[in-house]
Amino acid sequence: ISSFHDPPHPSSIINKAPHIVSIVYTTHARLTVDWKHLIFLILAMSNHNAGYGLGGMNSGAAEFNPNSYAYPGYGMYNCDSQQPHDQQYLPDGIGGGYYEPTQSEDNVPDGTFYPFMPPYVPHIQSSPVSAIAIDPVADATYVAGHTILLHRKRHHVGYPTPAEQRSSMLATHMFSLGTLYSACAAHPEARKEVLDNILTSIYGNSYKTSSANRTQIKIPNHAYLPPYDPPSASEIGIMAKRHHLGVTKILPFTSKVASAVHETGEERTEGYHCNISPSAVRVHTRGGLQVSSSKILGMVSGTFHPGIYSQQGIDDKMISSCASHVTVGGVSANRSGTNLYCMDLYSSSLKVVASHAVRSDNGYNKMCVSNLATNHETTNIIAGCSDGTLRIFDGSWRGGNYMECAKVSAHGGGVVQIATSGNLICTTGFSSRSPVNYSTGSSQLYAFPDEHVLVFDIRYLGRGGIAHPFSGLKGGPRFVSFVPGLDDTVEHRILACSGQAGGGVQMITPFGSLSGNPSAANDYFNPAMDPSEAITAVSCIGKNLAIGTSHGNVIHYCMSGYEQIMANKGKSATAMSTEALDPPTFLEPPPLSIEPHLLQGSASHDAPSNSVFNPYVMCKDPMVTPTTVNGEWNPYSFGPLSKNVCNPGGKKVLSENLKQILANTSYDGYTASIQSSNLGINLLKNNPTGSSKDELMNANKFLHGKPFVNVCYDADSDPRKNNKKGDDRDSIGKIIPERYRTKDRPANSMFTIFDFAALNDTVFPGYDYPPTMSNSYVCSVLVLLYFVPEIHNAMLESQQRIGSVEMKAKKNTKSAPLLTGELGFLFHQINSISAHAMCHPKPPGTSEDPCQPIVGTFVPSNFLSNFATMQEAVSLALLDDSPAAAEMARRPEAFYRFLLHHLDRELSANYDGGKGSRQSSKRGSKTKQPRMIDSLQGLDSVSMNQFVTGSGPPSANLNRTYTVELSYEAFQTSSDESPDFMHLLQYSLSKHVRLRAWCEATKKFETVVQRKIITTLPKILSLSCACAGAHGEDKLPFWRKSNGLGHWVPAMIEIEIDDNGNVITRQLVHMPDSSESVWQEYRGKPLPDSVVATLNETSGVSGEVGTRSARYRIDLVLTYLNEHANEGGESTAGRHIVHTRVPSSYKKRALCSQLEKLRQCAADSDRVRKLTLLRDVAIEDFEKRIHFVEEQIKELETIKEDEWVLFNGPNVSSTTIDDALAFHVPFKEPCIILFRQVETDTDIIPEPKVDISDLFWNESPLLPDLPRDGDSLAFDAEFVQVENESSVLTSTGSKVVIREGRHAVGRISLLDCESGRELVDDHVIPREPVVDFLTRFSGITPSDLNPKTSRHHLISARSAYLKMRYLVDRGCKFVGHGLQNDFRTVNLFVPPCQIIDTVDIFRMENRRFISLRFLVNYLLQRDMQVEIHDSIEDSRAANELYLKALELKDKGTFEETLRQIYERGQQTDWKVAELTR
């Protein structure tokens, strides 16, 4: 029953075939249905064994007679089971036998579409499919057809006689089954002149040509002829088809605005779809109920307006749930020429909020906006026009209207369809052809499909579209859509379909032809269609593809391997899974409303009148207020009603806070007096005059101001906002506390002055190694190991053996690098920076506190260079440039496991004299030597395999590990609530999984239980959380919860292994109602007796008696900081941070070292003459600093609890244990957690003195004797580049550094400042390969560092470090120019009292630094560095400048000379060449 006005009549719904009946009905406000008669009719037909399909808005899902036989491939039509198969009724034009059978996903390669079900005929009365859409949320496919004759007449107001009713049918089918869900007559047919204008604008004028002229012109068969005719076709002698243009676009969306309530009282989301036709724009429910309509004529395309989406990524489901406005386009059906409208989906009549007239360059106002698409990432609306142009509009409404941002020519005969994804836009279109009528000499345009798909880059529209050829033989492409690429190298592929009879489908890789292998990227296939059948509609959502044909068929395809493809891209395919299609919910009819035609009189439709309800006002197309151009009315420029298209409605909901205040306030039922203080509103706040009278004069300012609205009204009352998850694109950034944000130095400024001290409020240095440096994730693990006292002590002690080991390595070139030594050097660097935090130069200005410590940063460059050259690190894919490297978020976990094993082997090798065995080197001895890390973090576990059937004997073996990886498998598949942390830990320590394995006893696959059970407990329990990054999306929700009694991760735990091998875990819980704490216990299932026996037998083999019960406290937490957690994928801006419990011995050692260094500086009477960096610090300031440190040491003795510190790159701040355990925030993802047994703290030892062998100096031919304490040495170093910079250019032309370049020491030179003799001139062989020798600036050539061709004295990088370390430890003072850069590259910390830097001496406060060459030219009257740099020349020049400064100081003319240098530099623009003029 499709009529909106006439009551149903039983005779009108019975088909001529008595046993084949389809009932379709709609609900309307004025429709009265005798439900008793309808139910009686249905029951009567069911008694005659008739199969029927009943679909409707209020009826539920379609029901079918179970006794009827359904012909395979036609899920809609139910046939009589009593008739033979070959006599069943089939729709017109459908022949059997040419549809291919369904295929299995296993038989097709990944990324290929395969038909998973037979084609079916939708309930659109056998008309050609005009539009099709797959619902991204529900298991539904919406299919619309071109208009058909309903064989009944309808009375129209203003028409003297009834007219035949023609309508476009709209059906909803289940995508997975193809069965009917609902169907209705959705849109009436548009007026004849409207349809003619559309077809003329898109396809040319060939349809208005008589049959005789068409024959003479001979329009070829390859011209595109749609499966319908214009209404005027019969008037000019052309055989009219049965169908005219119907619904052209379907846009599904969901909303909670009209939520239905089940019997259980649960709320659910309703589904809708906006459908567009030349007659109207309407919104229907999934069941077919029309909820709103707008009679805008001539529209053929539409797209959702850009919305506000969450930061987890934009997909079709997100777009569907956030849709609030729709933009429609077509041809103009009024005098204004408007052909683009934006409508509010939530208004009762699809209110128009903006309109625009898209015109061609010649002002032709019949141009058609043939297709629309939205780029939701760039918030642009893209329009394809019949004049062949592609126009891009600003979807953010910044201009208050449809602001046209760009226009580019695409297809000469008009754009047909658009698809967009990311920065790419692909289009199909027509090429206009003009065959000549030889009898008259005239020509006629016709539409010919363009043979190529054009791909545009929205960032480079000026370059035009790149043509991608279409392989089909039956005409060019017509329909396009983006589908996922097969791997990370190909983000998108293009699905292109032909619109010609017998056409096919092709998968095109954008710009694949440019790679030289286009055939490998493009796949072509022909759908199972009749040779005369053409594709007329296509919809592709996720892995699902639906194709509608000119014969009224629908074919469903599915992409094989879609889940794996999305997983390779770091995305979840389950996010695009659809819900089952529930029965439609009963909705009350809408209230009675006034129809426009009821108020129409006999007045003319063309002229306006003064009456409010005159025909002109009621029938005029929706328009908004016009604008003026140069003071004149512009009828073609219309602005929106509001600049913010997503303004909430006028209805406001009182907040819960105000409701509670009203409940406690007495009022008379109409008014209530509430104190403004109760609302938290200060009426006098921000009053510029200070007068309350001026503030309260304007009542509207109070009632509608932000303070009042925010307190009194619910800001989330607008139903649309419930669907917009994450309204603020920067919401994550706003909730990240300041301590978690970091201020890295600018890229490529490793050696520039950067005030890191302002980022540190502790005595421990952070690290200056930002994420733009290679393998920067290592730094967080090194900080973690530094605060493990046992490892800290062992690494410092390992320095004592470095000298002898290095000398042995000189003789054995294959000796592997020692990470223990490099880690010891690094820990020494950290200790030195802390010890000299109070020995800093005088702060500039007089207001600075001289007692404020200035803690610098450390750089682990030497350690990382050693690590990067290790073959084991390359094999394990631990380096950043490794293709098989783990995800950045989880990479520290793999590196931590590697480093523990490697350090343990190195320490054991050093202890055993290089043998690396756990046993003594004495033959036959069974005594095992202690292994430090093994005894600290090692734990035994038994791995066991046992068949469930007991067919085969259980196998077991003993393992020794240093870390425990948390296992989530048992809880991810369970329907129970999320586990507590101790439950998860208990399962990870005694886990079991079921697998299928081959059993030799039974010779078949059987279920086997794999178990891994720990048998001993370590002193430090290291947990690898295994949940950070994009691949941990399903595990992170466990960490986000709270157990109601505190953080999910407890601060204190207990672990016990009973006599039967069962692991028991407990956590200390603080009860909220009392001050007491209780232990909450977690036990798993008891182990079977057979497992216990095998466990005892296997664990006894080790011969070791480990700890079976221990109480632990949390000590260290390494976390991945995901600053863009809601944008999805792997974050390039992520970094790793460390929360650590700092034992009191660490801070006490740092303060005592500071006190010792301060007293040494105060006793140095030679500091002023030497012009060190501490030359301006007075004795009084040193005394104040000494007193300040002494007070801190006394205060530390009274504090019993350890301090917690957060290390976030150079940002170091004091924090609390609660901050370390807080994982409910979205930007923190755990990586490594260390628990330490209670009462097992180890004090750190005083740093031992490193005795560097004199052999390093005896090899040098330049050195007769060694420098002593206080000697001044001129120093300079030259560098080579070991890693090139990697950068990209943005669309704005700015440079973004992806990976910074790195340098290494290539040459070191030392001169005696007293005699000027050369002491050292060594060339250094870097650990890593050199990519650029920087000869222009370093003077080093490739042959200089080649041992076979070099004529210089060559040493290793470690020898260079040890030489410099030797001089620093002996107290030598270094003279040079820009020494901070040199020492940083050598990776050595030199105390400020031992640095005499001429770049700092010859500098005025807050002025620029002066180059060495400029100072030498001005003060020494000679030039240098003419061709290349030379470290000997530079160090000698720096020494001469230092002596010159001493001379000027003695004469008292230093300040005046420095002022003259700056004046001369400004005059010459600091160019050396200008000094000689």
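Refer to the structure above for everything that follows.
Residues numbered from 1 in each chain as written. Predicted model: local features only at pLDDT ≥ 70, side-chain atom pairs only at ≥ 80, totals over all residues. Heavy atoms only, no water.

(A) Broad picture of helix α2 (residues 192-203). Look at α2: 16 Å from first C-alpha to last across 12 residues, which is about the 16 Å you get at 1.5 Å a residue. Inspection of α2 places V194, L195, D196, I198, L199, S201, I202 and Y203 among the buried residues, and these make up the whole buried set. (Helix = DSSP H or I, 4+ residues; strand = E, 2+ residues; numbered from the N terminus. Expected span 1.5 Å × (residues − 1). Buried < 20%, exposed > 50% of the residue type's maximum accessible area, 1.4 Å probe, protein only.)

(B) A look at the sheet that holds strand β11 (residues 249-255). The strand order across the open sheet formed by 4 strands is β11-β12-β13-β14, and the pairing between neighbours is antiparallel. Two strands bound the open sheet, and with one partner strand each, they are β11 and β14 (290-294). Within the sheet, the average angular offset between the axes of one strand and its neighbour, ignoring direction, is 20°. Looking at chain direction, β11 and strand β12 (residues 270-276) are connected through 7 bridges and run antiparallel. Bridging across to β12, I250 finds its partner in N275. (Pairing = 2+ DSSP bridges. Axes fitted to C-alpha atoms, helices over the stretch in contact; angles between N-to-C directions.)

(C) Inspection of empty space enclosed by the protein at higher detail. Across all of its chains, the model carries 16 cavities of 30 Å³ or more by this definition. Each pocket or cavity is described by its volume, and for the largest cavity that value is around 100 Å³. If you trace the largest cavity, you find it lined by F787, V788, P789, I1020, R1113, D1115, L1116, R1141, P1143, L1234, R1236 and D1241. Elements supplying a minimum of two residues to the lining of the largest cavity: β50 (1109-1121) and β54 (1228-1237). Tallying contributions element by element places β50 first for the lining of the largest cavity, with 3 residues. (1 Å grid on protein atoms, 1.4 Å probe; cavity = no way out; pocket = protein on both sides within 12 Å on 5 of 7 lines; lining within 4 Å. Points joined across faces, edges and corners; volume = space filled by probe spheres on them.)

(D) The arrangement of a nonpolar patch on the surface in detail. A contiguous nonpolar surface patch, about 220 Å² in accessible area, is contributed by V1288, V1296 and I1298. Residue placement: V1296 occurs in strand β57 (residues 1295-1299). (Patch = residues over 30% accessible without salt bridge, like charges linked within 9 Å, V, L, I, M, F, W, Y side chains within 5 Å. Areas by Shrake-Rupley, 256 points an atom, 1.4 Å probe, with all protein chains shown as cover. Salt bridge = Lys/Arg side-chain N within 4 Å of Asp/Glu carboxyl O.)

(E) Structural view of the environment of A956. Inspection of the secondary structure puts A956 in strand β42 (residues 955-961). C-alpha of A956 to C-alpha of R1011: the two residues are 55 residues apart in sequence and 9.2 Å apart in space. Setting aside anything within four residues of it in sequence, one finds A956 in contact with V942, S943, M944, T1094 and T1098. (Contact = heavy atoms within 4.5 Å.)

(F) Local environment of the sheet that holds strand β35 (residues 544-549). Spatially, β5-β36-β35-β34 is the arrangement adopted by the 4 strands of the open sheet, whose pairing is antiparallel. The sheet is open, and its two edges are formed by β5 (113-115) and β34 (535-541), each paired on a single side. With direction set aside, neighbouring strand axes in the sheet form an average angle of 25°. Note that β35 and strand β36 (residues 554-559) share 5 bridges and pair antiparallel. From the neighbouring strand, G548 faces β36, where its bridge partner is V554.

(G) Looking closely at the nonpolar core. If you look at the biggest cluster of nonpolar residues, it comprises 79 residues, and the most contacted ones within it are L785, F787, L823, F863, F867, F895 and L899. Here this core takes 8 residues from helix α14 (residues 778-786), the largest share from any one element. Every residue in contact with F867, bar those within four places of it in the chain, is listed here: Y777, V778, L819, A873, L878, L879, F895 and F898. Counting 44 residues, the second-largest nonpolar core is a separate cluster that includes L989, L1036, V1091 and W1204. (Core = buried A, V, L, I, M, F, W, Y, C linked by side-chain atoms within 4.5 Å.)

(H) Looking closely at the pairing of strand β7 (residues 141-145). Of all 5 residues in β7, 5 are buried, a share of seventy percent or more. Both faces of β7 are covered, namely the face carrying T141, V143 and G145 and the face carrying Y142 and A144. As judged from the 5 bridges shared by strand β6 (residues 129-134) and β7, these two strands associate in the antiparallel manner. Along β7, the bridge assignment pairs A133 with Y142. Joining the antiparallel neighbours β6 and β7 is a turn of 6 residues.

(I) Region of interest: the pairing of strand β53 (residues 1211-1215). Across the 5 residues that make up β53, a large majority, 4, are buried. Hairpin geometry of strand β52 (residues 1203-1208) and β53 is characterised by an intervening segment of 2 residues between the two adjacent antiparallel strands and by a positive phi of about 65° at G1209.

(J) Representation of helix α33 (residues 1379-1386). Those residues of α33 not exposed but buried are L1379, D1382, F1383, T1385 and V1386. End-on view of α33: buried residues confined to an arc of 160°, all on one side of the axis. Of the surrounding secondary structure, the elements contacted by the buried residues of α33 are α18 (861-868), β55 (1272-1283), β58 (1302-1312), α32 (1357-1369), β61 (1373-1376) and β62 (1395-1397). (Arc of directions from axis to C-beta.)

(K) Examining the pattern of salt bridges more closely. Scanning all chains against the criterion turns up 42 salt bridges. Of the charged contacts in the structure, one is a salt bridge between E1463 and R1459, with a shortest N-O distance of 2.2 Å. Here E1463 pairs with R1459, and both are found in helix α37 (residues 1454-1468), just 4 residues apart, close to one helical turn. A relative accessible area of 33% means that R1459 is categorised as partly exposed. Among the charged side chains, a salt-bridge network with shared partners connects E1054, E1056, R1066, E1081, R1083 and R1111.

(L) Focus on the environment of S293. Within the secondary structure, S293 is located in strand β14. As for S293 and S349, which are separated by 56 residues in sequence, their C-alpha atoms are 5.3 Å apart. If sequence neighbours within four positions are ignored, S293 has contacts with A280, V281, R282, S348, S349 and L350. A distance of 3.2 Å separates the side chain of S293 from the side chain of R282, its partner in a polar contact. (Polar contact = N/O pair within 3.5 Å; in protein donor to acceptor, adjacent residues only side chain to side chain.)

Just distances and angles here, no functional claims.
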